[in-house]
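What follows is the residue order along each chain.
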Amino acid sequence: MAKITAVIDIGSNSARMVIYEKTSRFAFHLVHEVKSRVRLPENAYKNGGNLQPQAMQRTYDALENFLNIASSHKVRKILCVATSALRDAPNKNEFLAKVRNGLGLNIKVIDGEKEASYGAIACSNLLPKADAMTIDIGGGSTEFSYILEGKVTNTLSLELGTVRLKELYFDKDDIEGAREYINQELDKLKNIEIENLIGIGGSFRALANAIMKEIKYPLNKLHAFEFSAKTMLSFIEKVMSANEKRLKALHIKADRYDVIKPGSLIILELLKRKSDIKNLITSGVGVREGVYLSDLLRHQKEIFPANFNPSVRYLLDSYITDTNHSNQLAKIAKTIFELLAPAYKIDPQYKKELVIAAKLSPIGSALHNYSSNQHSYYLIQTALEYGFTHKEIMLIATLTKFAKRRAPSCEHIDEYKNILPNEEVAEFLSFIISLCAALLTHRPRNLDYKFSFEDKCLHVSSSDNIYLAKESIRKLQFPDGIRVEFL
Ligand code: LMR
Ligand code: MG
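The structure presented is a predicted model; accordingly, all values stated were derived computationally and were not measured.

**Q** Sorry if this is basic, but what is going on with the sheet that holds strand S1 (residues 4-10) here?
**A** What links the strands of a sheet is backbone hydrogen bonding, and the strands pair in either a parallel or an antiparallel sense. Read from one edge to the other, the open sheet built from five strands follows the order S3-S2-S1-S4-S5, with strand pairing classed as mixed. Edge positions in the sheet fall to strand S3 (28-36) and strand S5 (108-109), since each has one partner strand and no second.

Next comes the structure, spelled out in structure tokens:
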């Protein structure tokens, strides 16, 4: 696959382009994202689905600009898909030919099943593992699937979309008609009992983003933001009765005012009939990432290799120069955790976060040696994205921030309470990571440490000259009841 690839998704409300750079075989990161509210099927639904000249021109202009941006990023490969608006349009060939001839871009119109499976492939690979139903609310259609034990099943596309409902019902103030039509479509859904609902698409994201602001959520990250079905229902209640001024106060952006109610009504009617859904998970990824991953993982059955995480690998590829050091940190963090955790009653689940934090902790020094822990923290909080819960991301970031002598501050723990473990756990894990960094101060070529643990004391021995390591360890802030001695 090309090093730099663009994926364009011509949705029925907005068209979006993402540009990804591959940093190694399966690792990649987002280098650019652009969207335009082209609303391609505007006024089409009452005209037999026929695309109207103005809307086609807007979309053409946006695509022309997208291609310019792509070439400024030296994109080698462009994958472009279109969904419901073009799928449904009897005059689609006119638009497809115009874009092909004028811009040299081939648009692939995908069917509803394919659209549902692209969204689901993105979620099953790039969100934390969980059985879930996915819903991708678009402008023209809404796709569903189930992710069960990592496998995508029961993909379904319904002719429900925010722009469609707006034009056919909401513009005529026929909310009851919309409700009836939504339910008639939702009847086609296979009902499998499930606790998690993953929300894809602009409408769901707009609601999740507004809820995040409303509850003053501490982490500025939409992807993998979780909240309860109850929270969603009471927020939707407010949205449904709001005028534009109130929508603004509810943190809904102006370009969503006219489609947020149709989108909300789809979710409301779904949650009313599926009371088994308790937990909602926001997806920042969707059809675009699904298209990209299908290409990237085409020899992998569209699944990353076991224990592979694309964000961790991207950070290692891009910011770690001394791989040996990073691996050594991870290795001794694991050993020390396994020795100490049982005695201090630390849940073994934290080993995963600790080891990743240890491995990634030196990344900040790629920006500058001074304040490198601060840089690591920021990089991780921002770029550690795919496959982790917010709790995991915050813990890993926090551990790297305080990986130098000090324990996490009360202010920090307080600011991120609810998404960080309690103070003792954070202090314990942070101490281990600081200890590992200290133990490797002299940057040994080969690891030559032996550890044992007895009477709440970690015994360390080495046949190397570890003068600097000992000096660093003396400066550490020790949690109560932990000692380190050299044999
Ligand atoms: C789509 O139709 O998939 C997107 O345009 C969704 C949206 O609301 O932006
Ligand atoms: Mg879409």
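**Q** Mind showing me how you'd approach the site of ligand 1 here?
**A** Residues in contact with ligand 1, as listed here, are Gly-11, Ser-12, Asn-13, Ser-14, Arg-16, Gly-138, Gly-139, Gly-202, Ser-203 and Arg-256. Within the backbone of Ser-12, a nitrogen or oxygen atom sits 2.8 Å from an oxygen atom of ligand 1. Between ligand 1 and Gly-139 there is a distance of 2.7 Å, counted from an oxygen atom to a backbone nitrogen or oxygen. When the free accessible area of ligand 1 is taken as 270 Å², the share hidden by the protein chains comes to 93%. Taken together, the residues of the shell around ligand 1 sort by class into no nonpolar, eight polar and two charged.

**Q** Any chance you could explain the packing of aromatic side chains here in plain terms?
**A** Aromatic rings considered in pairs are described by the distance between their centres and by the relative angle of their planes. Under the counting rule described, the total for this entry stands at 15 aromatic pairs. Measuring from centroid to centroid gives 6.2 Å for Phe-204 and Phe-227, while their planes differ by 40 degrees, and the two rings are tilted. With Phe-204 in helix H7 (residues 202-214) and Phe-227 in strand S10 (residues 226-228), the pair connects residues that are 23 residues apart, well separated along the chain. Residue Phe-204 shares its accessibility class with Phe-227, and that shared class is buried. Chaining the aromatic ring pairs together yields one cluster made of Tyr-20, Phe-28, Tyr-292 and Tyr-386. Here Lys-98 stacks its cationic end above the ring of Tyr-60, 4.5 Å away from the centre of that ring.

**Q** Help me understand the side chain of Glu-289 in this model?
**A** Mapped onto the elements of the fold, Glu-289 is located in helix H11 (residues 287-296). Among buried charged residues, Glu-289 stands out as having no salt bridge; its nearest opposite-charge side chain is Arg-288, 4.0 Å away. When sequence neighbours within four positions are dropped, the list of residues in contact with Glu-289 reads Val-18, Tyr-20, Ala-122, Leu-126 and Gly-284.

**Q** Is there a simple way to think about the nonpolar core in this case?
**A** Soluble, globular proteins show a tendency: their nonpolar side chains are buried together. Ranked by size, the top nonpolar core spans 107 residues in total, and within it Met-232 and Leu-429 carry the most contacts. In terms of residue count, helix H18 (residues 423-439) provides more of this core than any other element does, ten residues in total. Each of domain 2 (113-289) and domain 3 (310-486) accounts for three or more of the residues forming this core. Apart from residues no more than four positions distant in its own chain, Leu-429 is found in contact with Phe-337, Ile-346, Tyr-350, Leu-354, Leu-395 and Leu-399. Ala-6, Ile-19, Val-34 and Leu-63 belong to the second-largest nonpolar core, a separate cluster that totals 30 residues.

**Q** What exactly am I supposed to notice about the sheet that holds S10 here?
**A** On the basis of which strands lie adjacent, the open sheet formed by six strands has the order S8-S7-S6-S9-S11-S10 and mixed pairing. Bordering the open sheet on either side are strand S8 (151-158) and S10, each of which pairs with just one other strand. Strand after strand, the sheet turns through a mean of 25 degrees between neighbouring axes, direction not considered. Note: strand S6 (residues 132-137) against strand S9 (residues 196-200), four bridges, orientation parallel. When the sheet's bridge partners are listed, Thr-134 is paired in S9 with Ile-198. Sheet contacts for helix H10 (residues 260-273): S6, strand S7 (142-148), S9 and strand S11 (279-282); angle to S6, the most-contacted strand, approximately 155 degrees.

**Q** Any chance you could explain the domain arrangement of the chain here in plain terms?
**A** Frequently, the measure chosen for interface size is the accessible area that the parts lose on association. Domain annotation of the chain identifies domain 1 (4-109), domain 2 (113-289) and domain 3 (310-486). Taking the mean C-alpha position of each, domain 1 and domain 3 sit 44 Å from one another. Contacts between the two partners involve seven residues from domain 1 and, on the opposite side, six residues from domain 3. A buried area of about 520 Å², summed over both sides, lies between domain 1 and domain 3, and 61% of it is on carbon and sulfur atoms. Looking only at domain 1, the three residues that lose the most surface to domain 3 are Thr-23, Phe-28 and His-29, adding up to 62% of its buried area. Counting across the domain 1 and domain 3 interface gives zero salt bridges. Residues of the side of domain 1 that touches domain 3, tallied by class, amount to four nonpolar, three polar and no charged.

**Q** Help me understand H10 in this model?
**A** Turn by turn, an α-helix covers 3.6 residues, leaving residues three or four places apart pointing in a common direction. For H10, spanning 14 residues, the distance from its first C-alpha to its last is 20 Å, which sits close to the expected 20 Å at 1.5 Å a residue. Burial analysis of H10 places eleven of its 14 residues in the buried class, the great majority of the element. Those residues of H10 that sit buried are Ile-260, Pro-262, Gly-263, Ser-264, Leu-265, Ile-266, Ile-267, Leu-268, Glu-269, Leu-270 and Leu-271.

**Q** Any chance you could explain the pairing of S9 here in plain terms?
**A** Here is the key point about a regular strand: its side chains alternate between the two faces of the sheet. Counting buried positions over the five residues of S9 gives five, a clear majority of the element. In S9, alternate side chains face the same way, and those of Asn-196, Ile-198 and Ile-200 on one face and Leu-197 and Gly-199 on the other are all buried. Pairing of S9 with S11 involves four bridges; the strand directions are parallel. Pairing of Leu-197 across the sheet is with Leu-280, part of S11.

**Q** Help me understand the state of the cysteines in this model?
**A** A full pass over the atoms with the stated rule returns zero disulfides. With no disulfide of its own, Cys-457 has Cys-436 as its nearest cysteine by sulfur position, at a separation of 16 Å. Here Cys-457 falls in the buried class, since its relative accessible area comes to 1%.

**Q** Explanation requested: the pairing of S3 in the structure shown.
**A** When strand S2 (residues 15-22) meets S3, the two strands line up antiparallel, connected through eight bridges. Residue pairing in the sheet places Glu-21 in a bridge with His-29 of S3. The turn linking S2 back onto S3 is made up of five residues.

**Q** Quick question: what am I supposed to make of helix H4 (residues 112-126) here?
**A** For H4, with 15 residues, the first-to-last C-alpha span of 21 Å sits near the 21 Å given by 1.5 Å per residue. Two or three places before Glu-113, at the start of H4, stands the capping residue Asp-111, its side-chain oxygen 3.2 Å from that residue's backbone nitrogen.

**Q** Looking at this structure, how should I read the environment of Met-133?
**A** Tracing the backbone shows Met-133 in strand S6. Residue class for Met-133 comes out buried when judged on its relative accessible area of 0%. Through-space distance from the C-alpha of Met-133 to that of Arg-246 is 31 Å; in sequence the pair is 113 residues apart. The contacts of Met-133, once residues within four sequence positions are left out, are Phe-144, Ser-145, Tyr-146, Leu-189, Ile-194, Asn-196, Leu-197, Ile-198, Leu-270, Lys-274 and Ile-277.

What counts and how
Residues numbered from 1 in each chain as written. Chains lettered and ligands numbered in written order. Predicted model: local features only at pLDDT ≥ 70, side-chain atom pairs only at ≥ 80, totals over all residues. Heavy atoms only, no water. Pairing = 2+ DSSP bridges. Helix = DSSP H or I, 4+ residues; strand = E, 2+ residues; numbered from the N terminus. Near = heavy atom within 4 Å. Polar contact = N/O pair within 3.5 Å; in protein donor to acceptor, adjacent residues only side chain to side chain. Areas by Shrake-Rupley, 256 points an atom, 1.4 Å probe, with all protein chains shown as cover. Nonpolar A, V, L, I, M, F, W, Y, C, P; charged D, E, K, R; others polar. Phe/Tyr/Trp six-rings, centres within 6.5 Å; stacked < 30°, edge-to-face > 60°. Buried < 20%, exposed > 50% of the residue type's maximum accessible area, 1.4 Å probe, protein only. Lys NZ or Arg CZ within 6 Å of the ring centre and 35° of its normal. Lys, Arg positive; Asp, Glu negative; His and termini not counted. Salt bridge = Lys/Arg side-chain N within 4 Å of Asp/Glu carboxyl O. Contact = heavy atoms within 4.5 Å. Core = buried A, V, L, I, M, F, W, Y, C linked by side-chain atoms within 4.5 Å. Domains from an automatic or database assignment. Axes fitted to C-alpha atoms, helices over the stretch in contact; angles between N-to-C directions. Buried area = accessible area lost by both parts, 1.4 Å probe. Expected span 1.5 Å × (residues − 1). Disulfide = S-S within 2.5 Å.

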